[in-house]
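Coordinate analysis (summary)
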Protein chains: 2
Amino acid sequence: MLGLMQEKPLLISSLIDYAAKHHGDAEIVSNTVEGGTHRYTYRDADRRARRLGSALLRRGVKLGDRIGTLAWNGYRHLEIYYGVAGVGAIVHTINPRLFPEQIAYIVNHAEDSYLFVDLTFVPLIEGLGDHLAGVKGVVFMCDRAHMPAVTLPAGVELLCYEEFIADGDETYVWPEFDERTACGLCYTSGTTGNPKGALYAHRSTMLHAYAANLPDVFGLSSRDCVLPVVPMFHVNAWGTAYLAPMVGAKLVFPGPHLDGESLQRQMEEEGVTVSAGVPTVWLGLLNYLRSSGKRIDSVKRLVIGGSACPRAMTKAYGDEYGAHVQHAWGMTEMSPLGTYNTPKAGMASDLGEEYYDDQLKQGRLIFGLEMKIQDGDGNELPWDGKAFGDLMVSGHWVCSAYYKGEGADAHVDGWFRTGDVATIDSRGFMQITDRTKDVIKSGGEWISSIDLENIAVGHPGVAEAAVISCAHPKWDERPLLVVVRREGTDVSREELLAYFNGKVAKWWIPDDVQFVEDLPHTATGKILKTKLRERFSDHVLPTAGD
Amino acid sequence: MLGLMQEKPLLISSLIDYAAKHHGDAEIVSNTVEGGTHRYTYRDADRRARRLGSALLRRGVKLGDRIGTLAWNGYRHLEIYYGVAGVGAIVHTINPRLFPEQIAYIVNHAEDSYLFVDLTFVPLIEGLGDHLAGVKGVVFMCDRAHMPAVTLPAGVELLCYEEFIADGDETYVWPEFDERTACGLCYTSGTTGNPKGALYAHRSTMLHAYAANLPDVFGLSSRDCVLPVVPMFHVNAWGTAYLAPMVGAKLVFPGPHLDGESLQRQMEEEGVTVSAGVPTVWLGLLNYLRSSGKRIDSVKRLVIGGSACPRAMTKAYGDEYGAHVQHAWGMTEMSPLGTYNTPKAGMASDLGEEYYDDQLKQGRLIFGLEMKIQDGDGNELPWDGKAFGDLMVSGHWVCSAYYKGEGADAHVDGWFRTGDVATIDSRGFMQITDRTKDVIKSGGEWISSIDLENIAVGHPGVAEAAVISCAHPKWDERPLLVVVRREGTDVSREELLAYFNGKVAKWWIPDDVQFVEDLPHTATGKILKTKLRERFSDHVLPTAGD
């Protein structure tokens, strides 16, 4: 028997509609690419998103069409999030930090019909040249006065955002359609192969937003002021562009200004209470605060994800600035949030050493997902905080496949292989210990490359370190430590290996050390271990350690 | 184009499953009917709910079967919420405060196959006699030692809860089914006609739970300890039985002990942080606190709904006990939450006169719903805090019809007529001013009977007052004030009418006063204005006021 409840689809347009009706005066403040600060309200954003949506329809954009963006966090990008998804087209956010050939691949693989581009990326667009041939138009996100002189391939229209939306209708009524309709597309840039697209649905995005706004997760209220440093051009700015309108929180967009000085100024001027970003951003802000003596007294919480946040930084923000650093973890394929670190009953909520210790973990599962860890044979591992294995997730906002059916091996029996290796403790707190492809499988047991790297960089003679697996006749794989020496030091192989004594089990200690001038990195700054493994594929380990 | 996201139904079983996995040690503490306190954890509750669900299946209960409950807030009732809904059957909560003939009607209208009953209600069950003939079994919620000696109609099995679930399997795996499947049934007891059933779905209940747990609504975290005084036997205890497991909050159930002394003791002993109930409950607690000198220092928030909370009570809890009273509004047909009163940015969050003023309103709309007010001709009215009209709602957790298709006139063009008359101010805060059937329609303009009653009871000579419409040849309807004099006083018609001068517009002042010995009430304590209107249907108003 079915319930007798109103049947309405979960649609993204309901967010901006609600924000305009119930929080019409709440502000959206943006640092712009053109210079200066732009201010308006949810009421204004809603009207302009409706203009954009209806203008797209007039140009023939249909349900399911992909609309690309190359843009910073700003009010026009927000309008695109809602205007495009609102009419049933797909917001395809493109990471401008990728290599140009990756961007060319992505635009063509997605078959974007229009590209919306911030002025910063004029050179990038020019560099793409004929790779843009399949696009109908490039819309620069500015007014006529700021339009750049760009030559586009034949047949590709050059358009001005403000003129584009002036053609639209601000009283346009958002349509209803199937809640499983795609609303967003974001490509992951793995370290191997071509980027693969995660195709989000209205339903999954809405359920993610509800869950991510629970008090033990982002927990935004209408009294919050949110500054998402995490980009809207990748992983949906961790959902903040949906979470804030859902509760009418004030939104502050940094535009291209992600340096410590700019962030501090916006936080102070706008009264930011919550911000979200990756560790490097918070390191930049911390350095600026310490050198300038400036404060961020309105800030209660800094959400950190993307990679592990060092304890020293959590402590610095807590002790020196009274801000709670909260660790989060997610993936492009997970919309993106998976876990979030807030204390359970009986744990430390107040800033202090216990809180900082607890924040070393990536957090506990958000309601609406399931997770498990398993060994190489697919056996589930216990939640004891010690056993580590492949982290698998499933749930309402987890991808079931990649766009156009690629990368099928990541999706197994209703579970998504995250590619992360993790522990889960008895309270349900998960901690990433490695990437699946980087873990060293020694005689059937796993060794965490990240744990070894963290120890190695603690040695004063080490500037950067990577641990990779190296083939071994008896143990299959053994760890090899690759080190860039700190300038002016001359640490030896023997010193480094001895440095591990007492810090890990004896059988975890690397079999050998190689010194190099520098390590290869991805476009987003991660160490390219694939390249490193290729380079040392012929390396022969000494046999003494057997 | 559809998104490529995992498709999983929104099912209630996921709540208890999550709570057991991620908050397995969090406590559920119950005052029992048998006497004493019962303590266990979400892990235990989950196992016993699985036992119950599988035991029901073994007895032939199928998807869509109705299972009635006559029970207080307690751990076994919680197990029934999850065990019954978990297997796709329908939890039909019955309000034991209804008249026996209403309960008999409801049990038979719902065609309940089993009834789960607390020991308190043995006399009620015995009184129902042959009206229970359609039921397969009555399960008393106790162990064998506490089983009552009851004679049931022939063919109706007498069962013991603990034995019933002992037959089940605690490793039973919750099944998957359509998320629109019905999970709950609750009858509204209007003042006219037979009760009508609201039939909730898994999807609507889950979306309601997500939305009701947003930080600007109930906003529970795993560090909260929740005491729902609002009954699980009506309007789903305002969702608290779903909200708490969703975040792993500790649950404290009062059982049948709703007096001030019992509530204060539980709050203090268990460290309750949030509680929810109707104004009479909070009045009882307040009186007890004041007379005993006891405290409720762990309590941060008292959620009040059901009827309007007097400002004096909001202020008393704030000034004397440091607790935030939060006003909420909802209906059986709305799962039940519609609005909730938390401050927006710029409004007073701290306790004080401004906060108490703001709490006079029922609050602002929860994300996931829509609302509007309209006049008698269906024209939408402005949100200016002055215009008042019929309150209409729609959304994911609003009924589209009543069980078996009754009461269709309440459902119009996708909107549900709440039967309330309300204002909405420019910030979106809604305030109930009357019931649609009680408002007085004088010459096309509306007069709020509640506003007039609130003034009348302020007069020292008035014990109780009701304002009803009375037919009038020129104005169609005019207000008639019906008053029960306070004992020992002898207030006159003229004194009372003069008392309204300067308090309302002149044309709002009642045309006449009638003094009575007592007013008729419903089973739940509301004034039965239908009865009163019948009684005064022949009353002729004086013509002087024309």
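Here, every reference points to the structure presented above.
None of the values given here were measured: they were computed from a predicted structure. (Residues numbered from 1 in each chain as written. Chains lettered and ligands numbered in written order. Predicted model: local features only at pLDDT ≥ 70, side-chain atom pairs only at ≥ 80, totals over all residues. Heavy atoms only, no water.)

Helices and strands together make up the secondary structure of chain A, namely 15 helices and 26 strands. The C-alpha radius of gyration of chain A comes to 24 Å, within 12% of the 24 Å expected for a compact globule of 546 residues. Viewed in the frame of its principal axes, chain A has a C-alpha envelope of about 75 × 65 × 55 Å. Across chain A, contacts joining residues at least 24 apart in sequence account for 66% of those joining residues at least 6 apart. For chain A, the separation between the mean place of its 52 positive charges and that of its 71 negative charges on side chains is 3 Å. (Helix = DSSP H or I, 4+ residues; strand = E, 2+ residues; numbered from the N terminus. Rg over C-alpha atoms; globule rule 2.2 N^0.38 Å. Contact = heavy atoms within 4.5 Å. Lys, Arg positive; Asp, Glu negative; His and termini not counted. Charge placed at Lys NZ, Arg CZ, Asp CG, Glu CD.)

Okay, the packing of helix H1 (residues 13–22) of chain A against helix H8 (residues 240–247) of chain A next. Residue and element names in this part refer to chain A. One can describe the packing of H1 onto H8 by two numbers: an axis separation of 7 Å at closest approach and a directional angle of 40 degrees. The angle between the axes of H1 and H8 places the two elements in the oblique class. As H1 runs across H8, the sense of the crossing is left-handed. Here Leu-15, Tyr-18 and Ala-19 of H1 come into contact with H8, specifically with Tyr-242, Pro-245 and Met-246. (Axes fitted to C-alpha atoms, helices over the stretch in contact; angles between N-to-C directions. Parallel < 35°, antiparallel > 145°, perpendicular 65-115°, else oblique. Left-handed = near helix turned anticlockwise from the far one by under 90°.)

It is worth spelling out helix H1 (residues 13–22) of chain B at this point. By the criterion of burial, H1 of chain B is predominantly enclosed, with 8 of the 10 residues buried. Every buried residue belonging to H1 of chain B is among Ser-13, Leu-15, Ile-16, Asp-17, Tyr-18, Ala-19, Ala-20 and His-22 of chain B, and all of these are buried. Where the residues of H1 of chain B are buried, they touch strand E16 (363–365) and strand E17 (369–374) of chain A together with helix H2 (42–58), helix H3 (75–86), helix H7 (202–212) and helix H8 (240–247) of chain B. (Buried < 20%, exposed > 50% of the residue type's maximum accessible area, 1.4 Å probe, protein only.)

Picture the strands of a sheet paired through backbone hydrogen bonds; they go either parallel or antiparallel. Residue and element names in this part refer to chain B. Ordered by their spatial adjacency, 7 strands build an open sheet running E7-E6-E5-E3-E4-E8-E9, and the pairing between neighbours is mixed. Every interior strand has two partners, whereas the edge strands, strand E7 (157–160) and strand E9 (196–201), have only one. The sheet shows a mean angle of 25 degrees between the axes of neighbouring strands, direction not considered. Summarising the sheet, strand E5 (residues 114–117) and strand E6 (residues 137–140) pair through 4 bridges and their orientation is parallel. Looking across to E6, one finds that Leu-115 is bridged to Val-138. Contacting strand E3 (66–70), strand E4 (90–93), E5 and strand E8 (182–188), H3 crosses the sheet at an angle of about 145 degrees to E4. Against the sheet, helix H4 (residues 100–110) engages E3, E4, E5 and E8, with an angle of about 150 degrees to E8. (Pairing = 2+ DSSP bridges.)

Moving on, we come to the state of the cysteines. All names here are of chain A. Considering all chains together, one arrives at 0 disulfides over all chains under this definition. Just so you know, Cys-186 is unpaired, no disulfide at all, and the nearest cysteine sulfur is the one on Cys-399, 9.6 Å from it. In this structure Cys-186 comes out as buried when scored by relative accessible area, which is 1%. (Disulfide = S-S within 2.5 Å.)

To continue, consider unusual backbone geometry. Residues and elements named next belong to chain A. Cis geometry marks the peptide bond from Ser-335 to Pro-336; its omega dihedral reads 15 degrees. Tracing the sequence through the fold places Pro-336 in the loop between strand E14 (324–330) and strand E15 (337–340). Residue Asn-236 is not a glycine yet carries a positive backbone phi of 50 degrees. Looking at the element boundaries, Asn-236 is found in the loop between strand E10 (225–228) and H8.

Residues and elements named next belong to chain A. Read from one edge to the other, the open sheet built from 7 strands follows the order E7-E6-E5-E3-E4-E8-E9, with strand pairing classed as mixed. Since the sheet does not close on itself, it has two edges, and those belong to strand E7 (157–160) and strand E9 (196–201), each with one partner. Taken pair by pair, the neighbouring strands of this sheet meet at an average axis angle of 25 degrees, ignoring direction. The pairing of strand E4 (residues 90–93) with strand E8 (residues 182–188) spans 3 bridges and is classified as parallel. Residue pairing across strands places His-92 opposite Leu-185, the latter belonging to E8. Contacting strand E3 (66–70), E4, strand E5 (114–117) and E8, helix H3 (residues 75–86) runs over the sheet at an angle of about 145 degrees to E4. On top of the sheet, helix H7 (residues 202–212) reaches E8 and E9; it is set at about 75 degrees to E9, its chief contact.

Okay, the relation of the copies chain A and chain B next. Superposing chain A onto chain B requires a rotation of 180 degrees together with a translation of 0.0 Å along the rotation axis, leaving an RMSD of 0.1 Å. Classification of the inter-copy transformation places it as that of a two-fold axis. Most of the interface of chain A is mirrored in chain B: 100% of its interface residues are interface residues there too. (Least-squares fit on C-alpha atoms with pLDDT ≥ 70 in both.)

This next bit is on the interface of chain A and chain B. The interface of chain A with chain B comprises 75 residues on the first partner and 75 residues on the second. Counting the surface chain A buries against chain B, the share from its top three residues, Met-1, Met-5 and Phe-367 of chain A, is 15%. Summed over the shared surface of chain A and chain B, the number is 8 salt bridges. Taking the shortest distance from any N to any O, the salt bridge between Arg-203 of chain B and Glu-179 of chain A comes out at 2.7 Å. On the surface where chain A and chain B come into contact, there are 39 residue pairs in polar contact (both at pLDDT 80 or more). Elements represented by at least two residues in the side of chain A that touches chain B include exactly H1, E9, H7, H8, E16, E17, strand E18 (389–395) and strand E20 (415–424) of chain A. (Buried area = accessible area lost by both parts, 1.4 Å probe. Salt bridge = Lys/Arg side-chain N within 4 Å of Asp/Glu carboxyl O. Polar contact = N/O pair within 3.5 Å; in protein donor to acceptor, adjacent residues only side chain to side chain.)

So, about the nonpolar core. Counting residues in hydrophobic clusters, the biggest one holds 196 residues, and the most contacted among them are Phe-116 and Tyr-210 of chain A together with Phe-116, Tyr-210 and Phe-218 of chain B. Tyr-210 of chain B has contacts with Leu-207, Tyr-210, Ala-211, Leu-214, Phe-367, Gly-368 and Trp-397 of chain A together with Leu-10 and Met-246 of chain B, leaving out every residue within four places of it along the chain. (Core = buried A, V, L, I, M, F, W, Y, C linked by side-chain atoms within 4.5 Å.)

A complete count under the given rule lists 82 salt bridges over all chains for this structure. A salt bridge links Arg-144 of chain A to Glu-163 of chain A; the nearest nitrogen and oxygen atoms lie 2.8 Å apart. Here Glu-163 of chain A lies in helix H6 (residues 161–166) and Arg-144 of chain A lies in the loop between strand E6 (137–140) and E7, a separation of 19 residues in the sequence. Taking the relative accessible area as the measure of exposure, Arg-144 of chain A reaches 48% and is therefore partly exposed. Arg-493 of chain A is the partner of Glu-494 of chain A in a salt bridge, and the nearest nitrogen-oxygen pair spans 3.2 Å. Through salt bridges with shared partners, a single network forms among Asp-17, Lys-21, Asp-46 and Arg-50 of chain A together with Glu-370 of chain B.

Residues and elements named next belong to chain B. The final tally for this structure, using the stated rule, is 33 aromatic pairs over all chains. Centroid distance Tyr-114 to Phe-164: 6.1 Å. Interplanar angle 65 degrees. Geometry classified as edge-to-face. Residue Tyr-114 is located in strand E5, and its partner Phe-164 is located in helix H6 (residues 161–166); the two are separated by 50 residues in the primary sequence. The pair Tyr-114 / Phe-164 is uniform in exposure class, with both members buried. (Phe/Tyr/Trp six-rings, centres within 6.5 Å; stacked < 30°, edge-to-face > 60°.)

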